[in-house]
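Each chain, written out:
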Amino acid sequence: MNLDDLRRELQDRAGEPGDTPMSDRLAGVRSKVVAARRRRVVASGVAAIASLAVIGVVSTQLVNLGRDDLNDSDLAHMPHRLNGDQLKAASYNNGESELSWTAELENLDVLTRATCVLPDGVVPPEPDDTLLLEWTINGAATYTVTCGTEDNPGIGTNGPATPAEWRALGVTPGSEIDVDAFLVQAGSKVDVPGAQFGVALYEKTGLRAGGDGVELTKVLDDGDETYQLVRWKVRPLTEGNRVLRLHTPVSDGPIAIVYGWQSEIPTAAYELRKDGELVASGYGGSIQDPLVIDGGTEHLIAFEARGSTVDGVLVLAYYELKD
Amino acid sequence: MVLQDVSLIGQTVAVPRNGRMSSADARPATSSSDARTVAFEEFVVSRSERLLRTAYLLTRDHALAEDLLQTALAKAWSSWHRIEADPESYVRRIIVNTFATWWRRRWNGELPTEELPEPGARGPAPGGPDVATSTDLWAAVGRLPKRQRAVIVLRFYEDLSEADTAELLGVSAGTIKSQTAKALAKLRIDPSILDRPDPSASIGGSP
C-alpha cells in the first residue's frame with residue numbers, strides 16, 4: 001500500500017452516495033435539536049407507544065459458556081469484553097415480548113448488565129410514561145432500566161454486582177438463577193414490536209478501584225478505544241456535602257467522565273457540570289455511562305445531588321485515553 | 001418544483017423534494033431569526049452531501065453517517081449565530097469530534113453472514129480495477145481506532161495539513177504526526193494486505 005492507493009481508496013469510497021432526501025435530513029436535524037432541548041430539561045424518559053398485548057414466554061438456557069458459545073446469536077448482541085470484564089452468558093429477546101432464562105453461576109464475582117433498545121420512531125420523551133425494561137432474578141429481586149434508542153440504548157448495571165449482593169438473593173456459587181425480563185409502562189407489562197432487550201452476565205476479570213461500596217473499573221473500553229482511570233472521588237452523600245468536584249488537566253486526547261449517585265432510594269435529581277455548564281442531569285440510582293469530553297484544556301467537573309433525599313454515595317472519576 | 005414544508009426550529013420553510021434549493025426558493029426572511037434559519041438550511045442543502053462523505057468515511061455505514069451528520073448539524077445550529085468563519089469547517093470539526101468521542105454502543109458492529117466470502121478471485125479482472133486491494137484496504141482502514149481513522153480521513157481525503165488537522169481535532173501537531181505514523185504503520189502490516197500475494201509477482205515462469 002502506498003499513499004496514492006490510500007487517497008484513491010478514500011475518494012472512491014466517499015463517492016458512494018447517500019440516499020436520504022434533503023427534507024428528511026432537515027427533519028432529522030430538527031428532531032435532534034428538539035430532543036437536545038428536552039434533554040436539558042428532562043432527566044430521562046422515553047416513549048409513549050406500545051399497545052397492551054398478550055405476552056408469550058420464550059425460554060432459553062445458556063449455562064457457563066465456553067469460548068465456542070460466544071458465536072451464539074444471543075451473545076452477538078453484547079460486547080464480549082467490557083471494561084476488562086468477560087462476557088460469560090447472555091439472553092436476548094430475539095423479537096419476543098419477554099425472555100425467561102436460567103443460568104448457573106460458577107462463582108459470585110459476576111455482574112449483570114441489561115440493555116433495551118426501542119425501534120426507530122418510538123421515542124418522544126414522555127417522562128410520565130417512561131418505557132422500562134424490568135428484569136427479575138429468582139422472581140424476587142426486581143431491577144429496571146429506562147429503554148433507549150439504537151444510538152443511546154438503555155443500559156442497566158444496577159443488578160447484583162458483588163458476592164454480597166448475590167448472597168443477599170440466596171445465590172451461592174454453583175447455584176442456578178432464573179432471570180425474567182419484559183417491558184413495563186405505567187406499572188403494566190407491554191409489548192413493543194421491534195424492541196430489543198437482553199440481560200448478560202459478566203465475570204469481573206477487570207481491575208477495580210473505588211471505595212464506600214462503589215467499584216470503578218480501572219479501564220473503560222467502548223470497543224474501539226481504551227481509557228485508563230486517572231483520578232476519582234467517592235463520598236457518601238450527606239446533608240452538608242452534596243457536591244463532588246474534580247479538576248482535569250490538559251491532555252492530548254479526550255477524557256471520559258464517569259459519574260453517578262449510587263442510591264437505594266433514587267428519588268432526587270443530580271446535575272453534572274463542566275466549567276459551570278450543565279452537561280448531564282438525571283435521577284440517582286446508579287453510575288452512569290461515561291461522558292467523553294475534550295481534554296484539550298483544563299476542566300472543572302462538578303457533580304451535585306439535588307433535592308431532599310440524603311442517601312447513597314456520590315461518584316466522580318475521569319479517565320484518559322490510552323494510546 | 002415540488003415544495004414541502006419542513007419546520008426546522010419552530011418555523012416552517014419550503015424545501016424542494018429533490019433537495020436542491022436556490023435562494024429564490026426560500027421564503028423571504030422576516031426577522032433575524034428567520035434569516036438565520038434560511039441561511040442554515042441553505043447551508044444544509046448546499047454543503048451537507050460533501051460533509052456526509054466525510055461522515056461516511058469515518059463511520060463506514062450510510063445510516064450511521066447520516067445520523068452523525070444530523071447530530072453535528074443540530075449541534076451547529078445552537079451556535080449558528082456565532083459562526084463567523086467558514087461554517088463548513090465548523091461543522092466538519094463537530095462531525096470529527098463527535099465521531100471521535102461517540103461512546104460506542106452498537107457493540108462490535110459485526111453483522112453475521114450466511115456464507116463465507118469466496119476465497120478465490122482476489123486478483124484484478126483483466127483491464128479492471130484491483131477489487132481485492134480496494135476491499136482489503138477499506139477493511140484495514142475500518143480496523144483503525146476511531147481517532148487514527150479520523151486523522152487518516154482528514155489528512156488523505158480532506159487533504160488537510162498536520163497543523164490544520166491538529167487545530168480541527170484540538171490536539172498538538174506532534175500528536176497528529178505520531179497518530180498518522182501509527183495509522184499508516186498499522187495499515188501497512190494489516191494481515192489482509194500483507195497476506196495478499198503481489199499480483200505482479202510470477203510463480204515459476206520461463207527462463
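Everything below is about the structure printed above this text.
Cut-off values and rules
- Residues numbered from 1 in each chain as written.
- Chains lettered and ligands numbered in written order.
- Predicted model: local features only at pLDDT ≥ 70, side-chain atom pairs only at ≥ 80, totals over all residues.
- Heavy atoms only, no water.
- Contact = heavy atoms within 4.5 Å.
- Buried area = accessible area lost by both parts, 1.4 Å probe.
- Salt bridge = Lys/Arg side-chain N within 4 Å of Asp/Glu carboxyl O.
- Polar contact = N/O pair within 3.5 Å; in protein donor to acceptor, adjacent residues only side chain to side chain.
- Helix = DSSP H or I, 4+ residues; strand = E, 2+ residues; numbered from the N terminus.
- Axes fitted to C-alpha atoms, helices over the stretch in contact; angles between N-to-C directions.
- Parallel < 35°, antiparallel > 145°, perpendicular 65-115°, else oblique.
- Left-handed = near helix turned anticlockwise from the far one by under 90°.
- Nonpolar A, V, L, I, M, F, W, Y, C, P; charged D, E, K, R; others polar.
- Core = buried A, V, L, I, M, F, W, Y, C linked by side-chain atoms within 4.5 Å.
- Buried < 20%, exposed > 50% of the residue type's maximum accessible area, 1.4 Å probe, protein only.

**Student:** Requested: an account of the interface of chain B and chain A, with residues and values cited.
**Tutor:** How big an interface is tends to be expressed through the accessible area that disappears when the partners come together. Between chain B and chain A, the contact holds 58 residues from the first and 53 residues from the second. Approximately 5200 Å² of surface area, both sides summed, lies buried where chain B meets chain A, with 59% of it carried by carbon and sulfur atoms. Linking chain B to chain A there are four salt bridges. Of the charged contacts, one joins E66 of chain B and R25 of chain A as a salt bridge, the two residues approaching to 2.8 Å between their closest N and O atoms. Across the contact surface, chain B and chain A share six residue pairs in polar contact (both at pLDDT 80 or more). Taken together, the elements giving at least two residues each to the side of chain B that touches chain A come down to β1 (3–7), α1 (32–59), α2 (62–78), α3 (87–101), α4 (131–142), α5 (146–156) and α7 (173–188) of chain B.

**Student:** I'd like a description of the packing of α2 of chain B against α3 of chain B, backed by residues and values.
**Tutor:** Residue and element names in this part refer to chain B. It is at 9 Å that the axes of α2 and α3 come closest, and there the two elements cross at 125°. On the basis of their axis angle, the class for α2 and α3 is oblique. Of the two elements, α2 crosses α3, and the hand of that crossing is right-handed. Of the residues in α3, those in contact with L68, L69, T71, A72, L73, K75 and A76 of α2 are Y90, V91, I94, I95, T98 and F99. Partitioning the contact of α2 with α3 into residue classes produces ten nonpolar, two polar and one charged.

**Student:** Quick rundown of the nonpolar core? Include the residues and the values.
**Tutor:** Generally speaking, soluble globular proteins have nonpolar side chains that are buried together. Of all hydrophobic cores here, the largest spans 53 residues; its most connected members are L6 of chain A together with L58, L73, W80, V91, I95 and I152 of chain B. The dominant element in this core, judged by the number of residues it contributes, is α1 of chain B, at ten residues. Counting 30 residues, the second largest nonpolar core, distinct from the first, contains W101, V110, I177 and V199 of chain A.

It is worth stressing that arrangement in space is one thing and function is another; only the former is reported here.
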